[in-house]
Amino acid sequence: MKPLSSNLVANSPHSLLHQCVEYVVREAVDLRGVSLPKEICDLLIQVYRETHLNTDSVGDSFAKFLSQFRSNNSRISVAKFADMAITDETLEAFLEEHSKTITHLDISNCSDLTANALHYINKILTRVTDPRKLIRTVRVIEEGPVQESRVLYTKRYQNGVITTVRENCRVDENVGIITDDYDLTQAMGIFDDTDFADFKARKLRDLNGIRCIDFDLNDCDEPMNVDYDLKSTGQHQQQPLPSLTPNRRSPPLLLLSRRHHNKDCYDNYRQLEVFSKNIADNRVKTLEIKTWQNTPLQSLIIGRSTHILPDYIEEDGLDDEEFSTQSHLINPLLPIRKLVIHEWTFVDSSTPYLKYLINSQMKQTLQHLDLSNGCAIDDGAPLAELKSLKTLILYNCPKLHHAINNIIKIKTLRFLDISSTNDRYGHGYKDPNKQLALIVQSLPELTRFDISGTNLAGPRYDYIPGLISRHNNPFEYLGLYNTANEAAYRRTIPAISVSGDATEEQILTGCEVYIDRVEFLRRTLNDLFHCFRLETNFHNINRALDIVLESMARHLHEKQIQIAASASLFYIVKSDEAKHNFNIKVKQLIITRLLDAMQEHRYDITMLRNGSLTLIHFKIPGDVIFEYSRLVEILLRIVTNDDDDFIQRLGIYLLNTLACQVDGDQKTIVGDLGAIDKMLALIDARLHRNICDEVMETAWSTMWNVTDETPVNCQRFLDNNGMDYFVSCMHSFPNSAELLRNMMGLLGNVAECSHLRHRLMKSDYIMRFVELLDSESDGIEVSYNAAGILSHIASDGSHYWQQYLPYDCKREYMLNRLSAAIRRWKINSKRNINYRSFEPILRLLRSNIPSEAQYWAVWALANLTRVYSSKYCPLLKEDNGIEVLEQLAQNESSSIPQHIRHLSSLTLYQYCKYTDSGELTELETSEDIDIPMDFLVNYSHNKHNQLTTTTTPSATTTSTTTTTTPIGNAIQP
């Protein structure tokens, strides 16, 4: 498995190329007019698959994406389509375009394909598209009455040379390139044998009938339609290659739109023609003609798309009237080196299907065969005919003990996997020590061997009896996971790398080896989790992270894989390695994998719990901002789930943290996704149960955060009867300090919205706010927020008050109570509040605002810049608050009370002291609001000098003496 870290080095060439390709795919850049090398084309397909793998309805877009790559400028060699929504039509068009460049085709788990898919693979890839490159072989075979047969002679045409072999005599004849089928048939003397004279006239007449069609070699780059197995007209004709439609006949092939003015010329190149005739003495002579063009395809991965294969094979052949005992499932003209078929089962599982799968070409070319989770292979006799096989994987295949004697005949094997997760399959070896010894002694090239889940390791010893012969020649890899009698725990194991459950190294190796095997992977990931849970020092965090992320990516729909992987991910993320060495790209990949799993398995409490607990260890919102909307959507689903109180508390905690430190756009998104009505629903449920718990309090806190300087969310709160819930909570839980603080903080945000304030102006609400001015709950928080609400309401003027409130609700009474409450507060009171902007407070310092509202605003600035100077002194400067306070401090108008001027000066003093020293440590704990006189004098003098310097017309102007008037007085109101 490729180390994950190599993909995540931000400035590596691989990473930069990958980012460019991701951009092209993400932005749907049109590539039709661009010539691209095969490597880039292959990478584009890989990235498209990665980014669209779990999206819905991508079939049409995928077809459109593939159609951009044309064989004349941007050819594809590696087509990894596994798990994609590719249709028969899309696959056909793709093969038509790239049949002469494709080397690797993976269609595993492509559920939209039908039996036609294999038909297209068999037919299109070897079709003649350029007669200059065609290959033709002719064989004449004679069969006797007892079915003995002999090849009388063979002929082969390729690259302008005809080679004839007869009775070990070979003759080459250079005839030059022939592009006409009539001339080629004549040159090869196909019908020279008198026994086939009755076929000759008819065949040549058919060929001669198309000779008048113009043949343009310039069109050879365009793939043409040539029938794969058109029937000839001979007597006793053998059947052609199968159409490969399981249990039914194939429908007619849908042809692509091509420029085919010479199409008939190509149609004449039939891939297989067979002419048979009975001759004397019950003998049959057969003329077999194969015509094809070489294909580079080497790897065919059908994987779990076995629905494109037959589901029933009779003992005497494939169950279709077009099939015969000579038929094979895969075209013998395909030079396949790697074939992977998973989970292929039949109605009759005892069918010896290998003889219909392994064709004559595979016997020479096949190097890798994987039939995992398939049917029993009987005695496995066809396997012994594979001359080049190096890898044989028969994982979870039943009754393998019957096939051992033929498997050991494959002397070229280097990797053999006969592992199993089913004890009934894996424990069927009667004499395990002898059978294991027989295997390893018969296969001298074997370097990788997997017997996991079997009983082949024999009884408990310090060693494995059947592997004694390999003690001086250890395997590169040996699979011992879940073997009988705990073979992985043996003291002596002849292997460099071992998968098992005895050590951390064995478990990590097992996870990597079984990354594509769901059952084994689930078990090994559980073992990995227990390693993290029970061991304080895990030694290879990065390797474990690679495994976990890869497992989650490959098996998104497997709930147990996601749960096991996320459990380990929790320990990885909280480790010191993660805190100090994981860069932002690694963190983003972890978060994306978690959210993918939480979204896919959104109804599983365990998955949601694992994901939420892991997300808590990230910096929020900084680390997750790139997935903000999706995370909010997932958390909102979590908080509305009453099945698990713990996961609900986790979800609302994360949601509140997310909403706390983001700007208005993100807060609006939270509201758009329904946060307000979902929080109110939580509150309503708890009101009905008369419970004030952490969820209730955090629901109000969340709404407090998402309404901060976000009027649209404030309106959502009001529109969803939020004030009714406020009144109900006040009535039901009057002594909950946290609840009161959060509710009043939220209403403070509503009060900042001028167009919504009138909806707070009801006598019942006003009286409650006035009562809360005297509250000592949670320090001054509740009182402070109530004062802020009333200050904003008062700022609209008396006419609004009279318009919306009854006569008996006195504005003067409210303002007096407001001023009295502020006087009781200590200037160094610690606060539980977070301002992102002072703009709403500074609005209250305009000249037409009641002095009581100004009093609250200037006290707030003085308090915040004192106790949280490092945050709010810079914010005061940034929001132009210095100029506003200077105007207040210097204004000697009788309309500005002395205590407001003084608090303005105090705030300026604190700001200047902070800019000089960088801290206000002494003042943070002091209740003293006196201002040193030297500051007042010096500050006024400096401001005066700045003004006179600014207005001096020239350097020779004589400056005038100005009397300095101190700003503000050290008077406590």
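Being a predicted model, the structure only gives us computed values, none of them experimental.

Q: I would appreciate a short explanation of the overall build of the chain in the present structure.
A: Looking only at helices and strands, the chain features 39 helices and 18 strands. In the chain, buried positions account for 55% of the 973 residues. Long-range contacts, defined here as pairs at least 24 residues apart, represent 73% of the contacts in the chain between residues at least 6 apart. Carbon and sulfur atoms provide 46% of the accessible area of the chain, an area that totals close to 42,700 Å².

Q: What's the story with the state of the cysteines in this structure? I'm lost.
A: When the sulfur atoms of two cysteines share a covalent bond, that bond is a disulfide. Summed over all chains, the structure comprises 0 disulfides. This cysteine, cysteine 753, is not joined by any disulfide, and cysteine 714 carries the nearest cysteine sulfur, 3.9 Å off. Cysteine 753 gets classed as buried once you look at its relative accessible area, which sits at 8%.

Q: Any chance you could explain unusual backbone geometry here in plain terms?
A: Excluding glycine, residues mostly carry a negative phi; peptide bonds, for their part, are mostly trans. Each neighbour pair has its own omega, and for isoleucine 620 with proline 621 the value is 10°, a cis peptide bond. Positive phi outside glycine occurs at alanine 28, with the angle close to 55°. For alanine 28, the position within the fold is in the loop between helix H1 (13–26) and helix H2 (38–52).

Q: I tried to follow the nonpolar core on my own but got confused; where do I start?
A: Of all hydrophobic cores here, the largest spans 159 residues; its most connected members are Ile590, Ile683, Trp700, Phe717, Phe726, Phe838 and Trp856. With 10 residues, helix H34 (residues 851–867) is the largest single contributor of residues to this core. With sequence-adjacent residues up to four places away left out, phenylalanine 838 is seen in contact with Leu861, Leu864, Tyr872, Leu875, Leu876 and Asp879. Listed in part, the 93 residues of the second largest apolar core include Phe69, Cys110, Leu309 and Ala457.

Q: Could you clarify how one ought to interpret the sheet that holds strand S4 (residues 149–158) in this entry?
A: Hydrogen bonding along the main chain pairs the strands of a sheet, whether they run parallel or antiparallel. Read across the open sheet, the 6 strands follow the order S6-S5-S4-S3-S8-S7; overall the sheet is antiparallel. The open sheet has two edge strands with one neighbour each: strand S6 (169–174) and strand S7 (272–279). Here the average twist between neighbouring strands, direction ignored, is 15°. In this structure, strand S5 (residues 161–166) lies alongside S6, joined through 6 bridges in antiparallel fashion. Each residue of the ladder has a partner; that of valine 165, found in S6, is arginine 170. Helix H6 (residues 181–188) contacts strand S3 (134–143), S4 and S5 of the sheet and is inclined by roughly 45° relative to S3.

Q: Which parts of the structure should I look at to understand helix H20 (residues 605–615)?
A: Because each turn of an α-helix spans 3.6 residues, side chains separated by three or four positions in sequence point in the same direction. Every buried residue of H20 is listed here: Met607, Leu608, Asn610, Gly611, Ser612, Thr614 and Leu615. Buried positions along H20 lie against helix H17 (559–573), helix H19 (584–600), helix H21 (628–639) and helix H22 (645–660). With a side-chain oxygen lying 3.2 Å from the backbone nitrogen of threonine 606, the N-terminal cap of H20 falls on aspartate 604.

Q: Is there a simple way to think about the side chain of aspartate 527 in this case?
A: Locating aspartate 527 in the fold gives a position in helix H15 (residues 518–534). Although aspartate 527 lies buried, it forms no salt bridge, and the closest oppositely charged side chain, arginine 523, sits 8.2 Å away as judged by the N-O distance. Here aspartate 527 is in contact with Tyr481, Asp501 and Ile507, once residues within four sequence places are set aside.

Q: Even after reading the chapter, I still don't get helix H37 (residues 898–917), so can you show me in this structure?
A: If you check H37, its first and last C-alpha atoms are 28 Å apart, about what 20 residues at 1.5 Å a residue would give, namely 28 Å. Following H37 by one or two positions, glycine 918 has its phi on the positive side, about 80°.

Q: I tried to follow the sheet that holds strand S1 (residues 78–80) on my own but got confused; where do I start?
A: Here 10 strands make up an open sheet; going across it, the order is S1-S2-S9-S12-S13-S14-S15-S16-S17-S18 and the pairing parallel. In this open sheet, the two strands that pair with only one neighbour each are S1 and strand S18 (495–499). Here the strands of the sheet are splayed against their neighbours by 5° on average, with no regard to which way each runs. In the sheet, strand S15 (residues 415–417) pairs with strand S16 (residues 448–450) via 3 bridges, with the strands oriented parallel. Note that in S16 the partner of phenylalanine 415 across the bridge is arginine 448.

Thresholds, definitions, all that
By convention here, each chain's residues receive numbers from 1 onward along its written sequence. Only residues with pLDDT of at least 70 are given local features in this predicted model, and only at 80 or more are side-chain atom pairs given and counted; all residues enter the totals for whole chains, interfaces and linings. To obtain the side-chain values, all non-hydrogen atoms of the structure were used and water was disregarded. Secondary structure elements follow DSSP: runs of H or I of four or more residues count as helices, runs of E of two or more count as strands, with numbering from the N terminus. Categorising residues by exposure relies on relative accessible area from a 1.4 Å probe, with only protein chains included: less than 20% of the type maximum marks a residue as buried, more than 50% marks it as exposed, and the intermediate range marks it as partly exposed. Here, residues are in contact when the closest pair of their heavy atoms is within 4.5 Å. Note that accessible areas follow from Shrake-Rupley with a 1.4 Å probe, and for residues the cover is restricted to the protein chains shown. What counts as a disulfide here is a pair of cysteine sulfur atoms lying within 2.5 Å. Buried residues of nine kinds, namely Ala, Val, Leu, Ile, Met, Phe, Trp, Tyr and Cys, make up a nonpolar core once their side-chain atoms join them within 4.5 Å. In this description, strands pair whenever DSSP reports at least two bridges between them. In this description, a line fitted to the C-alpha atoms serves as the axis of each element, helices being fitted only across the stretch in contact, and the angle between N-to-C directions of two axes falls anywhere from 0 to 180 degrees. Whenever a nitrogen or oxygen atom comes within 3.5 Å of another N or O atom, the pair is scored as a polar contact, on the condition that within protein one atom can donate a hydrogen and the other can accept it, and that pairs from neighbouring residues in sequence are kept only if both atoms are in side chains. This count recognises Lys and Arg as positive and Asp and Glu as negative, with His and chain-terminal groups excluded. The salt bridge criterion pairs a side-chain nitrogen of Lys or Arg with a carboxyl oxygen of Asp or Glu, the two atoms within 4 Å. Given a helix with a known number of residues, its expected span is that number minus one, times 1.5 Å.

Geometric descriptors of this kind do not, in isolation, establish any biological role.
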